[in-house]
Amino acid sequence: MTSSSKSKHVRSISFPRSHFTQKVEEAVNNLKTLKISTASTAETMHDGLLGLEELYKCMNDLLNLPQTLQALSQYQQGKLVEDLLDKSVRLLDLCGAIMELVLQYKENVRDLQSSLRKRKTDSTTETSITKFTSFNKKIKKEAKRLVSILKKMDQKTDGFVSQDADQDTVDMIKTLTEANAMRISIFQMFLSFLSVPLLKPKSSKLSLVSSFVNKGRIACVGQEEKTNLETRLESFEAHLDNFENGLEGLFRRMNRSRSSLLNMKSC
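Model, not experiment: these values are computed from the prediction.

Novice: Any chance you could explain the overall build of the protein here in plain terms?
Specialist: Scanning the protein for helices and strands turns up seven helices and zero strands. Starting at the N terminus and walking to the C terminus, you meet the elements of the protein as α-α-α-α-α-α-α. Put simply, the protein has 267 residues, and 44% of those count as buried. The contacts in the protein between residues at least 6 apart in sequence include a share of 87% that link residues at least 24 apart. Roughly 14400 Å² of accessible area belongs to the protein as shown, and the carbon and sulfur atoms make up 52% of that amount.

Shown next as structure tokens:
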């Protein structure tokens, strides 16, 4: 085989990995265009979860390539695979914890909805709102704890690249590093979003207390706020359903990613 034909042969082998590396890059860039932040809407957060699921799909496609297996296991005695696997397992556990938070949120939203629909005394409604506000504080505390875990995971991976690594492998590892940073960032933003109280202190107090009952216009204002609250809760419940579905799909993708890395490590 001539030198020219050998060069063409090498390129033909590396092309698939380059192609799938590009797919991962595209998925990362699509998430960047969402401009997700702590002030994002529920719709944007849901799009972020779907985009994260797509990112994992592209990563899985890349990790399952024979060329990727060879490249990742070759350099640094497989330490890169161990690092990716460790982050994969921890993110999977964290995703499960976030799913549990969303389920708790749904349960508390429905309890408050039930209290409002029963049209009991305003003191009973106020008690239910106080309970819900207290739950929001618990969510904020737990979200803060999970974010601190994520921050510890946000470490660079490109230090695993050997000096003799080919450019295709260097590009792949840099892309996986960026993908890792992006998925950590999305989870952080989602947790920050969940920690923002659905009910502000002003809307949970005076206008609904029993002392305002049967006092003409003030009572009407109180009832109007209660109706507005019911509408907000109904809307947010729908968002929580979307979050739950998005997280379930993401969890399945993450589980496949972990399995791919486990298989890679055992080879």
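Novice: What is the right way to read the packing of aromatic side chains from this model?
Specialist: How two aromatic rings sit relative to each other is given by the distance of their centres and the angle of their planes. Per the counting criterion, the structure on display carries six aromatic pairs. When the centroid spacing of 5.3 Å and the interplanar angle of 55° are considered together, the rings of Tyr 105 and Phe 236 count as tilted. Taken together, the residues Tyr 105 in helix H4 (residues 79-117) and Phe 236 in helix H7 (residues 217-266) connect sequence positions 131 residues apart. Of the two residues, Tyr 105 and Phe 236, both sit in the buried class.

Novice: Please explain the pattern of salt bridges as it appears in this structure.
Specialist: Between side chains of opposite charge, pairing is possible as soon as their charged atoms come close. Using the criterion set out here, one finds nine salt bridges in the structure. A salt bridge links Arg 90 to Asp 86; the nearest nitrogen and oxygen atoms lie 2.9 Å apart. In this pair, Arg 90 and Asp 86 both sit in helix H4, four residues apart, roughly one turn of the helix. With relative accessibility at 37%, the residue Asp 86 sits in the partly exposed group. Residue Arg 110 pairs with Glu 237 through a salt bridge whose shortest N-O separation is 2.7 Å. Here Arg 110, found in helix H4, pairs with Glu 237, found in helix H7; they are 127 residues apart in sequence, far enough to count as distant.

Novice: I keep staring at the environment of Thr 130 and nothing clicks. Help me out?
Specialist: Inspection of the secondary structure puts Thr 130 in helix H5 (residues 122-153). In the structure, Thr 130 is positioned 18 residues away from Leu 112 in sequence and 9.9 Å away in space, judged by C-alpha atoms.

Novice: Quick question: what am I supposed to make of the nonpolar core here?
Specialist: The nonpolar side chains of soluble globular proteins are, as a tendency, buried together. The biggest cluster of nonpolar side chains holds 65 residues, and the ones touching the most others in it are Leu 55, Leu 72, Ile 98, Tyr 105, Phe 187, Phe 190 and Phe 243. Breaking this core down by element, the ones donating at least two residues are helix H1 (3-33), helix H2 (42-63), helix H3 (66-74), H4, H5, helix H6 (167-195) and H7. Of the residues forming this core, the biggest block, 15 residues, is contributed by H4.

Novice: Honestly, the environment of Arg 183 in this entry has me stumped. Any pointers?
Specialist: Tracing the backbone shows Arg 183 in helix H6. The residues contacting Arg 183, other than those within four sequence positions of it, are Leu 52, Tyr 56, Met 59, Lys 87, Ser 88 and Leu 91. There is a polar contact of 3.1 Å between the side chain of Arg 183 and the side chain of Asn 180.

Novice: How should the confidence of the model for the protein be read in this particular structure?
Specialist: Do not read the fine detail of predicted coordinates wherever pLDDT is low. Of all residues in the protein, 75% attain a pLDDT of 70 or more, and the chain-wide mean is 79. Confidence, read as mean pLDDT per element, is least for H1 in the protein (69) and greatest for H2 (93). pLDDT under 50 marks residues 1-13. Its contacts with residues more than four places away, or in other chains, come to two contacts. Per-residue pLDDT stays below 50 along residues 202-221; that stretch engages in 24 contacts with residues further than four places along the chain or on separate chains.

Novice: Looking at this structure, I do not really get H6. What am I missing?
Specialist: Because each turn of an α-helix spans 3.6 residues, side chains separated by three or four positions in sequence point in the same direction. Helix length check: H6, at 29 residues, gives a terminal C-alpha distance of 42 Å against a target of 42 Å (1.5 Å per residue), a fit within 8%. The buried count for H6 comes to 21 of 29 residues, which makes it a mostly enclosed element.

Novice: I keep staring at the side chain of Thr 68 and nothing clicks. Help me out?
Specialist: Topologically, Thr 68 is positioned in helix H3. The contact partners of Thr 68, leaving out residues within four places of it in the chain, are Arg 17, Leu 62, Leu 63, Met 172 and Met 264.

Novice: Any chance you could explain the packing of H2 against H6 here in plain terms?
Specialist: Describing two packed helices takes the angle between their axes plus the distance from one axis to the other. Look at H2 against H6: their axes get within 10 Å of each other, and the N-to-C directions meet at 155°. Relative to H6, the element H2 is oriented roughly antiparallel. For H2 against H6, the interelement crossing comes out left-handed. Contacts between H2 and H6 involve Ala 42, Met 45, Gly 48, Leu 49, Leu 52, Leu 55, Tyr 56, Met 59 and Leu 62 from the first element and Met 172, Leu 176, Ala 179, Met 182, Arg 183, Ile 186, Phe 187, Met 189, Phe 190 and Phe 193 from the second. Class assignment of the residues belonging to the contact of H2 with H6 gives a composition of 17 nonpolar, one polar and one charged.

Each value, and the rule that gives it
Residues numbered from 1 in each chain as written. Predicted model: local features only at pLDDT ≥ 70, side-chain atom pairs only at ≥ 80, totals over all residues. Heavy atoms only, no water. Helix = DSSP H or I, 4+ residues; strand = E, 2+ residues; numbered from the N terminus. Buried < 20%, exposed > 50% of the residue type's maximum accessible area, 1.4 Å probe, protein only. Contact = heavy atoms within 4.5 Å. Areas by Shrake-Rupley, 256 points an atom, 1.4 Å probe, with all protein chains shown as cover. Phe/Tyr/Trp six-rings, centres within 6.5 Å; stacked < 30°, edge-to-face > 60°. Salt bridge = Lys/Arg side-chain N within 4 Å of Asp/Glu carboxyl O. Core = buried A, V, L, I, M, F, W, Y, C linked by side-chain atoms within 4.5 Å. Polar contact = N/O pair within 3.5 Å; in protein donor to acceptor, adjacent residues only side chain to side chain. pLDDT = per-residue confidence, 0-100. Expected span 1.5 Å × (residues − 1). Axes fitted to C-alpha atoms, helices over the stretch in contact; angles between N-to-C directions. Parallel < 35°, antiparallel > 145°, perpendicular 65-115°, else oblique. Left-handed = near helix turned anticlockwise from the far one by under 90°. Nonpolar A, V, L, I, M, F, W, Y, C, P; charged D, E, K, R; others polar.

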